[in-house]
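Below, each chain spelled out in residue letters.
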Amino acid sequence: MRLGVFVCHCGSNIAATVDCAAVALAARAMPDVAFAADSVYTCSEPGQEAIVAAVAEHGLDGVVVASCSPRMHERTFRRTVARAGLNPYMFEMANIREHVSWVGRDKERNTAKATDLVRMAVEKLRRNRPLTPREFPVTRRVLVVGGGVAGIQAALDCADGGLEVVLVERASSIGGKMAQLDKTFPTVDCSSCVLGPRMVDVAQHPGITLHAYSEVASVSGWVGNFEVAVRRKATYVDWSKCTGCGECVKKCPARDAPDPFNAGLAPARAINIPFPQAIPKKAVINPAHCKQLTTGKCGVCAKVCPSGAIDYAMTETTVTEKVGAIIVATGYELFDPKVYGQYGGGRYPDVITSMQYERMLSASGPTGGHVLRPSDGREPRSVVFIQCVGSRDRHIGRPYCSGFCCMYTAKQAILTRDHVPGAQTYVFYMDIRSPGKGYDEFIRRAMEEYGVRYVRGRVSRIFPKGDRLVVRGADTLMAAQVQVEADLVVLAVGAEHAPGAHELAATLRVSIDEHGFFMEGHPKLRPVETNTAGVYLAGACQGPKDIPASVSQASAAAAKVLGLFARGTLASDPQVALVDPRRCVGCLKCLKTCPFGAIREEQGRDGAVRAQVVETVCQGCGVCCVTCPQGAVQLQHFTDDQILAEVEALCRIPLPTCG
Amino acid sequence: MSTAQDAASLETLRAELRRAACDALQAGAELVLGWGPGPDPATLAPLFAASPGECAALDFGPGAVQNLAGHLRALAGRKVAVCVKGCDSRSVAQLLAEGLLRREELVLIGLPCAGVLDRTRLAPGAPAPGDWACAAPDELLDPRCLRCRFPNPVLADVTIGPGRAPREPEGGPHADLDAFLARPVEERFRHWERELGRCLRCYACRNACPLCVCRDHCLAETRRPGWLSQSSSVREKLLFQVIHAVHTAGRCTECGQCQRACPVDIPVLTLKRVLAREAEALFGHVAGTDPAQVPPLLTFRAEEPTIPDHGAEEGR
Amino acid sequence: MSPRFAYYPGCSLEGTAQDYDRSGRACCAALGIELAEIPDWSCCGSSPAHAVDAVLSGALAARNLGLARQGGFGAVVTPCPNCLVNLRTAARDLDDPARRERINALLSVPCEGGLPAVSLLQALFEQAGPQALADAVVRPLAGLRVAPYYGCILHRPPGLMAFDDPENPVAMDALLEAAGAEVVAFPFKTECCGASYGVPRKDLVMELSGRLLEAAADLGADALAVACPLCQMNLDLRQDQIAAARRRAFGIPVFYFTQLLGLALGLDRADLGLDRLVVPPGGVLRKLGTEG
Amino acid sequence: MPDPAADLRIIGFLCNWCSYGGADTAGVARLAQPTDLRIVRVPCSGRIDPLFIAKAFYGGADGVLVSGCHPRDCHYSEGNYHARRRLELFLRLLPALGIDPGRFLYTWVSASEGQRWQQVVADFTARVHALGPMPRLRETDLAAAALCHPAAPQEGA
């Protein structure tokens, strides 16, 4: 066997703390190594071409690249190796950047460690075998989880591209947070005028199946062939009959149900249609507040429903959908400001959240678009906005910037002047972050045209004084304390992960970050992919985002899915388990531990029972290999021999003995 | 009890055993696996009886040391009867739990046991120090019999002879393990270095193990995968013992065949006992007590209350 | 039966706040909380030690914790929030081997570890609690409007003190309500009174304590309840000065919360030290019908 | 006497999806770590045969660190549950082998937990250094030695 080793400097990223030439020199002495060299940027075009040239010139059978993490560039170099005419699996990577040069400070030790990692890769490569993927058919359908603006965009793009789309929305209507907004920045155009027609498109598109008031219960299978169980929660209304006329809502006597759509600004009826433009526009009963369901005495809605749609006996059902790809667009939740005792912690009625204010500004909201104090219904003359409530605060575990609060606060301050002419508006801010197109101009307009008074500093306390509120804080530009009397205080609450994100991530087998947002495959190179093949991300579920960014990512995710399905088949990962029939004794322990049911019992021609791996079902975890006592099941590319060779390569090094 | 009475009851027991064996053959068993006269007075050797005539030689007593369950896997597909002591029956139950034997192919003749002899404590050719009816003295028994929790078969179609009481040794059944574990760590390391230094790599321990069903495919004797080399180093010998212990973890019924088979008296059962004790502590699992039980390493629970959360501990 | 808590009064409780000491002990006794004063206790290391030398300050507090440990106690109770901060800080430092070593280098008898310290308020709230208190009340504080003022450091820093809500604490509210008082929604529960600036920068105290008194007066409070000797001194002893500076008369008596609880429990007036209050409590006592 | 500051041999087995990513995250954030550790990448903690660990120890490793996805977060949904049982049982075998259980740690680190990874590596490396180098196996076939060289020194001499 003739192997080539390429040690990358990565500019100074590696070379600054690893002696790359020394590593290459050491590699030349390793078994089967016929060629070793160091290069400045191995992943660059000349770097890759040097590999191709060396394979030809030295007749190499395999290549080791010592550079960055295989999670970063393994695919890149596998393609390079394939271009050089080798099997892409005759390649190994030694991670001497993330695991060596970036974490170790001592050049001598780093060089020794890098050499060990190269030796390990060489020993593994010596035991690699060419692997060939198989083609398997795919289900050209896509599941979109979440029907906010990102989910809507992704669903429409996929459907317009000719795919069948299954859209699952947890609430009874799609629309998400954007549907709750009155206006959008920086154009101050009507949110529902922008979103409404897209929601209608979803309802009318022949390629989209919408499961509203539903959740993803479980997911099995793999890219190209997922099977998704969708739990359709009980609405107690037969949606095939409901016309959305709203008679039931008008007559319902239970008026104390929570109304999440209006952010708790007003109560809702126990049977409800969240907003006039809802898609689907169907009623849903809240079983915790319905008098019929809690006490058995009412039945008003059933009596008044002209189409006989009410069904108090309804139970939840589960439907199974087969899809080939999944786009997660579950959005975000707003921070609960009760954590901040100094802002009243929910005790002062006239301290409200920005979403409550948004509903107040909306003509279809509970106040009909009038800005009124919750405490006494009076129009406020002075409104104070406090930014970064639940953002950029390590002490409450929210160290990140939510990104959009600066902008929506400016929008709300501008709208305040439109709704209450002559009202005084103040904004307490830490920094203004307005890096989008037309964003900074918008902030300027708020300050200069609308006279919004921006105070740079944190608010230390809000306290009532008579029927007004005193907002006390620091003005860090003036280096003085300021005190503003306000009639209404609006807290610009930040974004946090959607409830249930962790559970959904576990169901989909994707990762979430420390703040509960879904993790992308790579922050720069794979920003809409996850590390699970066939699962993509769109919108604020991946991190706080405003509408343009969410829509962009949704279209990107849709493009990824369309690209995935561009051919009728997918190539399976050949890194799957394989049973050696000569070694299998048919104990079938592997069958009991396989998480995917990828092992089946097979009777050989000699009549003996043996295990067999279904290659397209196997996901390559290797649980079976450890279960098999005689090593008859081996995971290709991670065989016992390959791992043992790596261990041996690390252990054989002479060490001081104490014996 | 007088000697005459002993002799009478001994004959009654033998007659019962032989009748049960004949019944099994009558009921369709091809073979009866039991014990018969051995090379010396104190030993009962395995006896495979295929006819009522051969059954007449079947016997039992403290000399019936061997666990016959180890032969069953090779006889799979044929109906056989097998004589089992308490510990032997656990091997059968464990093999059943793993789907390696079929209950309908087995007739289990249960023999409550008062302990078997430790041959190393007897002079060669010495007379039998006890028989089926009259237990041998404790000091001549295999030490594992002195801590026996299962003297009566956990599984049997017919049971012959009076039930026996489990042993309750002073200091608990693991006092010797605890004493070993109390020694300094390096001493324990050197203990195995010294013990395995004697190992001949004969694999008698493995061949005697009723749970070792890999047979000709054992990791020890293949180079693909290459877990072990042919080098006669302590490292390879010790690693083989660890492989054997890990492969029988959660399965080993501590029948002791491995240790008894060792020609150079390496205490190879110790590692297996440690794993069995820990498997019981962690998973509440006593191997070979319930043929319906899934072995603990073939399953899991999402919440494992007995396993410390090593993640949280380090992540403070 | 051995007492459950080591009691650390601190220097103020032997001086200006003798009434806090007496009423606190009396309330605990009445509610079955056994306190045993730490023998030979010394300064907690509070100002000025903690301002100039953290290790010295830690050693001063650690000496007292060590004495309590020697006495076999599981926890220390102290009425003074300043002492509490120092004792808790020292307890935390003593659990860190490196810091413990530096502290113990200053002590003749080393202290091998921390000991939990709790405020008198926390002890009364957690060991007795509002229900037990309500059951023991013999003369409810009916009709008395009280503004509960916790002071700025009783719950701060929150990570160290780990009791109640640092911005809107409610333990004293609950105890006063259990004693029958009407507790007003006092917005400045945890604001600063000016503390020891009463000496170098009296104007600051006039402003800060002035705000507190004005808010209490605007809310129609009959009395303030406090849990800190320094707060009590600023609000009570300097109330006349504040009134003059802000041109507004208050006449609001400033009780230690233990004095009010003691009244409700019907304890002997002599044990409550009411005679030590500067702003006369007579009006309040008459309102309660207990003027005698 | 080996240099106490010299690197010891610590072998890490990390699952590709969570912990290897977490180690990458630590690298990207330049979170400094001791250099003793060398990482073997496997797809899942469920692929880690406890016998690899035994092999490493008898091969001269002074410490072995295994890390996988947090329970519930396994990329293969169940692999780490199997790993947890196997590794815990193996951990409890080590004292009987005379290998200090402090030389072995299995834990869970997610791809986002770069800082936690740094802490795990620093703590574990310190722990292994406190235990010092792993004893090496010596050939003690005294019977054989005695046969060939009747005057061969006895063990411990």
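Quantities reported herein were computed from a predicted structural model and do not represent experimental measurements.

Another point: the overall build of chain D. The secondary structure content of chain D amounts to five helices and four strands. Across chain D, helices and strands are ordered from the amino to the carboxyl terminus as β-α-β-α-β-α-β-α-α. Taking all 157 residues of chain D together, 66% fall into the buried category. Summing over all exposed atoms, chain D offers an accessible surface of approximately 4800 Å²; the carbon and sulfur share of this is 59%.

Once that is clear, we can look at the overall build of chain C. Assigned secondary structure in chain C consists of 14 helices and eight strands. Since a compact globule built from 292 residues should have a radius of gyration of about 19 Å, the 19 Å found for chain C is in line with a globular shape. Each principal axis of the C-alpha distribution contributes one length, and for chain C these read about 55 × 45 × 30 Å. Burial analysis of chain C (292 residues in total) assigns 55% to the buried set. Once local pairs closer than 6 in sequence are excluded, the contacts in chain C between residues at least 24 apart make up 75%. On chain C, the mean spot of the 25 positive side-chain charges and the mean spot of the 32 negative ones are 4 Å from each other.

Let us now look at the pattern of salt bridges. Residues and elements named next belong to chain A. Under the defined criterion, the tally for this structure stands at 96 salt bridges over all chains. D487 is the partner of R378 in a salt bridge, and the nearest nitrogen-oxygen pair spans 3.6 Å. One end of the pair, R378, is in the loop between α13 (354-361) and β19 (382-389); the other, D487, is in the loop between β24 (480-486) and β25 (488-493), with 109 residues separating them in the sequence. According to the relative accessible area criterion, D487 is buried, its value standing at 2%.

Residue and element names in this part refer to chain A. An order of β10-β7-β6-β16-β27 is seen for the five strands of this open sheet, with the pairing classed as parallel. Of all strands in the sheet, those bounded by a partner on one side alone are β10 (208-211) and β27 (535-537). The sheet shows a mean angle of 20 degrees between the axes of neighbouring strands, taken without regard to direction. When strand β6 (residues 141-145) meets strand β7 (residues 164-168), the two strands line up parallel, connected through five bridges. Directly across from R141, in β7, lies its bridge partner E164. Strand contacts of helix α7 (residues 149-160): β6, β7, β10 and β16 (325-328), with the helix running at about 165 degrees to β7, the strand carrying the most contacts.

Looking now at the interface of chain D and chain A. Every contact between the two is made by 57 residues of chain D and, on the other side, 57 residues of chain A. The contact between chain D and chain A buries some 4800 Å² in all, and 60% of this surface belongs to carbon and sulfur atoms. On the chain D side of the interface with chain A, the three residues burying the most area are R38, R41 and R47 of chain D, jointly 14% of the side's total. Counting every contact that joins chain D to chain A gives six salt bridges. The closest approach of N and O atoms between D116 of chain A and R9 of chain D, which form a salt bridge, is 2.6 Å. Remark: the boundary between chain D and chain A carries 22 residue pairs in polar contact (both at pLDDT 80 or more). Counting residues per element, the ones that place at least two in the side of chain D that touches chain A are β1 (10-15), α1 (19-28), β2 (37-42), α2 (50-59) and α3 (79-97) of chain D. At seven residues, α1 of chain D tops the list of elements feeding residues into the side of chain D that touches chain A.

Interfaces are often sized by the amount of accessible area the parts lose when they come together. Each partner contributes residues to the interface: chain B has 20 residues there, and chain A has 17 residues. Both sides of the chain B and chain A interface together cover about 1600 Å² of buried area, and 57% of this is carbon and sulfur. Linking chain B to chain A there are two salt bridges. For E648 of chain A, the salt bridge identified is with R235 of chain B, shortest N-O distance 2.6 Å. Partitioning the side of chain B that touches chain A into residue classes produces nine nonpolar, four polar and seven charged.

Our focus in this paragraph is unusual backbone geometry. Leave glycine aside and you will find that most residues have negative phi; peptide bonds, for their part, are mostly trans. Put simply, R224 of chain B and P225 of chain B share a cis peptide bond, and its omega is -5 degrees. With omega at -5 degrees, the peptide bond leading from R156 of chain C into P157 of chain C counts as cis. Along the polypeptide, P157 of chain C turns up in the loop between β5 (145-149) and α7 (158-161). Positive phi is not limited to glycine here, since D32 of chain A has a value of about 70 degrees. Counting through the fold element by element, D32 of chain A comes out in the loop between α2 (20-28) and β2 (33-39).

Turning our eyes to something else, we now look at the state of the cysteines. Evaluation of the coordinates by the stated rule reveals two disulfides over all chains. In this model C190 of chain A forms its disulfide with C193 of chain A; the gap between the sulfur atoms is 2.5 Å. Residues C190 of chain A and C193 of chain A share a disulfide whose torsion about the S-S bond is about 85 degrees; that sign makes it right-handed. When its relative accessible area of 25% is taken as the criterion, C190 of chain A is described as partly exposed. At a sulfur-sulfur separation of 2.4 Å, the disulfide partner of C18 of chain D is C69 of chain D. Torsion about the S-S bond of the C18 of chain D and C69 of chain D cystine: about 95 degrees, corresponding to right-handed handedness. On the criterion of sequence distance, the pair formed by C18 of chain D in the loop between β1 and α1 and C69 of chain D in the loop between β3 (63-68) and α3 is long-range, its members being 51 residues apart.

What follows deals with the arrangement of the chains. Of all four pairs of chains sharing an interface, the pair with the highest contact count is chains A and D. You won't find any contact between chain B and chain C; their C-alpha atoms come no closer than 14 Å. Without any contact between them, chain C and chain D keep their closest C-alpha atoms 16 Å apart.

Residue and element names in this part refer to chain C. Spatially, four strands are ordered β2-β1-β3-β4 in an open sheet, and the strand pairing comes out parallel. Unpaired on one side and paired on the other, β2 (35-37) and β4 (117-119) mark the two borders of the sheet. Adjacent strand axes in the sheet meet at a mean angle of 40 degrees, parallel and antiparallel pairs treated alike. Where strand β1 (residues 5-7) and β2 come together, three bridges link them in parallel fashion. Counted as the bridge partner of F5 is L35 from β2. Sitting on the sheet, helix α6 (residues 120-136) touches β1, β3 (76-78) and β4, and the angle it makes with β4 is about 85 degrees.

Right, let's get into the confidence of the model for chain D. Residues and elements named next belong to chain D. Chain-level statistics for chain D give a pLDDT mean of 88 and a share of 85% at 70 or above. Segment residues 145-157: pLDDT under 50, and five contacts once partners within four positions in sequence are set aside and those in other chains are kept. Both scores are given for the predicted complex: the pTM is 0.76, the ipTM 0.73.

Definitions and limits used
Residues numbered from 1 in each chain as written. Chains lettered and ligands numbered in written order. Predicted model: local features only at pLDDT ≥ 70, side-chain atom pairs only at ≥ 80, totals over all residues. Heavy atoms only, no water. Helix = DSSP H or I, 4+ residues; strand = E, 2+ residues; numbered from the N terminus. Buried < 20%, exposed > 50% of the residue type's maximum accessible area, 1.4 Å probe, protein only. Areas by Shrake-Rupley, 256 points an atom, 1.4 Å probe, with all protein chains shown as cover. Rg over C-alpha atoms; globule rule 2.2 N^0.38 Å. Contact = heavy atoms within 4.5 Å. Lys, Arg positive; Asp, Glu negative; His and termini not counted. Charge placed at Lys NZ, Arg CZ, Asp CG, Glu CD. Salt bridge = Lys/Arg side-chain N within 4 Å of Asp/Glu carboxyl O. Pairing = 2+ DSSP bridges. Axes fitted to C-alpha atoms, helices over the stretch in contact; angles between N-to-C directions. Buried area = accessible area lost by both parts, 1.4 Å probe. Polar contact = N/O pair within 3.5 Å; in protein donor to acceptor, adjacent residues only side chain to side chain. Nonpolar A, V, L, I, M, F, W, Y, C, P; charged D, E, K, R; others polar. Disulfide = S-S within 2.5 Å. pLDDT = per-residue confidence, 0-100.

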